[in-house]
Amino acid sequence: RRIRREMSSDGGELCSARCAEQPFDVAFHPGNNGIFVSGLITGAVEVWENKGERVRKLKTIDAHTESVRTLGFVNDGALLLTGSSDRSILALDTATGKPLAKLEHAHKSAVNRLKVLDRNLVATGDDDGVVKVWDTRQQTACGSFAPFVDFVSDIAHVPSDDAVAAGANGPSGSLVVTSGDGTIAHLDMANWKELGQSDNQEDELLSCVVMKSGRKAVAGSQTGILNIFNYGQWEDISDRFPGHPSSIDAMIKVDEETLLTGSSDGIVRIIGILPNKMLGLVGEHGEMPVERMALSGDNQFLATASHDRTIKLWDVGYLWERDLRAEAADFDGGGGELDDDSDSDSDSEEGGGDKRKRKQRQKRKKGGKIQDSNAAREAVKKAAVKKFFDGL
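To keep things clear, this report deals only with the structure shown in the data block.

The rules behind the values
- Residues numbered from 1 in each chain as written.
- Predicted model: local features only at pLDDT ≥ 70, side-chain atom pairs only at ≥ 80, totals over all residues.
- Heavy atoms only, no water.
- Helix = DSSP H or I, 4+ residues; strand = E, 2+ residues; numbered from the N terminus.
- Buried < 20%, exposed > 50% of the residue type's maximum accessible area, 1.4 Å probe, protein only.
- Contact = heavy atoms within 4.5 Å.
- Pairing = 2+ DSSP bridges.
- Salt bridge = Lys/Arg side-chain N within 4 Å of Asp/Glu carboxyl O.
- Axes fitted to C-alpha atoms, helices over the stretch in contact; angles between N-to-C directions.
- Phe/Tyr/Trp six-rings, centres within 6.5 Å; stacked < 30°, edge-to-face > 60°.

## Some remarks on the environment of Val 122
Next up, step 1: Summarising the element assignment, Val 122 is placed in strand 11 (residues 121–126).
Next up, step 2: When its relative accessible area of 2% is taken as the criterion, Val 122 is described as buried.
Next up, step 3: The spacing of Val 122 and His 157 is 35 residues in sequence and 9.9 Å in space, taken between C-alpha atoms.
Next up, step 4: Residue contacts for Val 122: discarding those within four places in its chain leaves Val 74, Leu 81, Leu 114, Lys 115, Val 116, Leu 117, Lys 132, Val 133 and Trp 134.

## Structural notes on the pairing of strand 25 (residues 277–284)
Next up, step 1: Within strand 25, seven of the eight residues are buried, which leaves it mostly tucked inside the rest of the structure.
Next up, step 2: Taken together, the six bridges between strand 24 (residues 267–272) and strand 25 define a ladder with antiparallel strand orientation. Residue pairing in the sheet places Ile 270 in a bridge with Gly 280 of strand 25.

## Quick notes on the pattern of salt bridges
Opposite charge on two side chains permits pairing when their charged atoms draw close.
Next up, step 1: Scanning all chains against the criterion turns up 11 salt bridges.
Next up, step 2: Among the salt bridges present, the one from Arg 292 reaches Asp 25, with a minimum N-O distance of 3.3 Å. Placement of Arg 292 in strand 26 (residues 290–295) and of Asp 25 in strand 2 (residues 23–29) is noted, with a sequence separation of 267 residues between them. Each member of the pair, Arg 292 as well as Asp 25, is classed as buried.
Next up, step 3: Each of Glu 49, Lys 51 and Arg 56 takes part in salt bridges that share partners, so that together they form one network.

## Observations concerning the sheet that holds strand 21 (residues 239–241)
Next up, step 1: With antiparallel pairing, four strands are arranged side by side in an open sheet as 18-19-20-21. The outermost strands of the open sheet, each flanked by one partner alone, are strand 18 (205–211) and strand 21. When the angles between neighbouring strand axes are averaged without regard to direction, this sheet yields 20 degrees.
Next up, step 2: Across three bridges, the pairing between strand 20 (residues 226–230) and strand 21 is antiparallel. Note that in strand 21 the partner of Leu 226 across the bridge is Phe 241.

## Comments concerning the environment of Ser 84
Next up, step 1: Within the secondary structure, Ser 84 sits in strand 7 (residues 79–84).
Next up, step 2: The class for Ser 84 is buried, based on a relative accessible area of 0%.
Next up, step 3: C-alpha separation for the pair Ser 84 and Leu 40, spaced 44 residues apart in sequence, amounts to 9.9 Å.
Next up, step 4: Ser 84 has contacts with His 64, Glu 66, Ser 67, Arg 69, Ala 110 and Val 111, leaving out every residue within four places of it along the chain.

## Comments concerning the pairing of strand 1 (residues 15–18)
A regular strand carries its side chains on alternate faces of the sheet.
Next up, step 1: Along strand 1, the buried face is formed by Cys 15 and Ala 17; none of Ser 16 and Arg 18, which line the opposite face, is buried.
Next up, step 2: Examined bridge by bridge, strand 1 and strand 28 (residues 310–315) share four bridges and lie antiparallel to one another. In the strand pairing of strand 28, Arg 18 is matched with Thr 310.

## Quick word on the packing of aromatic side chains
Ring pairs (aromatic) are described by centroid distance and by the angle formed between their planes.
Next up, step 1: This model, assessed by the stated rule, comprises five aromatic pairs.
Next up, step 2: Where Phe 36 meets Trp 48, the ring centres are 6.4 Å apart and the plane angle is 5 degrees; that geometry is what we call stacked. With Phe 36 in strand 3 (residues 32–40) and Trp 48 in strand 4 (residues 44–50), the pair connects residues that are 12 residues apart, well separated along the chain. Across the pair, Trp 48 and Phe 36 agree in class, each one buried.
Next up, step 3: Summarising the aromatic geometry, the rings of Phe 145 and Trp 192 are spaced 5.5 Å apart at their centres and angled 45 degrees between planes, so their arrangement reads as tilted. Of this pair, Phe 145 sits in strand 13 (residues 140–145) while Trp 192 sits in the loop between strand 16 (184–188) and strand 17 (193–197), and the two are 47 residues apart along the sequence.
Next up, step 4: Aromatic ring contacts, followed pair by pair, group Phe 28, Phe 36 and Trp 48 into a single cluster.

## Here's the deal with the sheet that holds strand 24
Next up, step 1: The strand order 22-23-24-25 describes an open sheet built from four strands, whose pairing is antiparallel. With partners counted over all chains shown, the strands left at the sheet margins are strand 22 (248–253) and strand 25, one partner each. If you compare each strand with its neighbour and ignore which way they point, the axes differ by 25 degrees on average.
Next up, step 2: By the bridge criterion, five bridges tie strand 23 (residues 258–263) to strand 24 in an arrangement that is antiparallel. Its bridge partner lying in strand 24, Gly 262 is registered against Val 268.

## Looking at the environment of Gly 83
Next up, step 1: Tracing the backbone through its elements, the reader meets Gly 83 in strand 7.
Next up, step 2: Taking the relative accessible area as the measure of exposure, Gly 83 reaches 0% and is therefore buried.
Next up, step 3: Taking the C-alpha atoms as reference points, Gly 83 and Thr 70, 13 residues apart in sequence, are found 5.2 Å from one another.

Below is the structure:
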């Protein structure tokens, strides 16, 4: 029955929620994988329930007077925090939807990103490039950083155990943060110091994850390039993986070698890192950009928020099944849209080296062919048909 539901839509999704207006962010409740929330451009928050057969809107909360750009659950799901263009951070009671506390001027500019670090700590980033860390029990900022000159686009948290192995100090771990100014920075929360920052990549960096057991950081860019950095060596990239025809606005780590990308061409892809390879496609939002993505606590469902005013849910549990992962490794990507030989500068973990040689390779590749998204969309539909007949 589930396979038949996937066939009911062009994108291959399990089911979808039609929001009242464009959603900017989406998050799953950490204790109930059937509940997810969306933050809208109008300042409202919608609460949804996924029953598998369909989705149902439970309530709409008038949270802010301006857009809700980012949100996340804390305190084991008891509180929902929202960050807004009105520069405030609001704490909502998850059970009742009522506001419990509000920091009117949490930042001096619009709050663009909110990352939950643990049950009580969150990090936020604004349009001026400032990052702040908050303790929800105190309703005050623990500290802040100002390494950027443009908006904070994404925040990845490296917990203390991994951070020690990677060279950071302190029990609070560290943050890897990307910005629209074209740089990525490593921020130590124990001493409130900047541990490193890259040179300007001459391309907006929009998303990031830390992979390879803390040895690599991957940043998605406006021009569709996955920039790969050696963790702790931030000046320049060690490897790059072009091939997305549009910007990479969202990424989610699957495991130490695999990630999901949400692109402005509307397609959600499965990508292998070092060796760099496209492993498959999750689905699509037509030609409308994927703004944000979220993974349920049990890794069963992926939620994608798009400019088409929908939140789509995808069954991605197969990504954690060995047999199906092995099949994905042989997937050609629907026309080879991302080609290892032509698109990746290196498929070894040692990577880069000489900056001049890297730039020469980039110049040679500018004339190379990058296919559009039509082949990928056809692959999505073919994969959905295959699932359908395999399930009969």
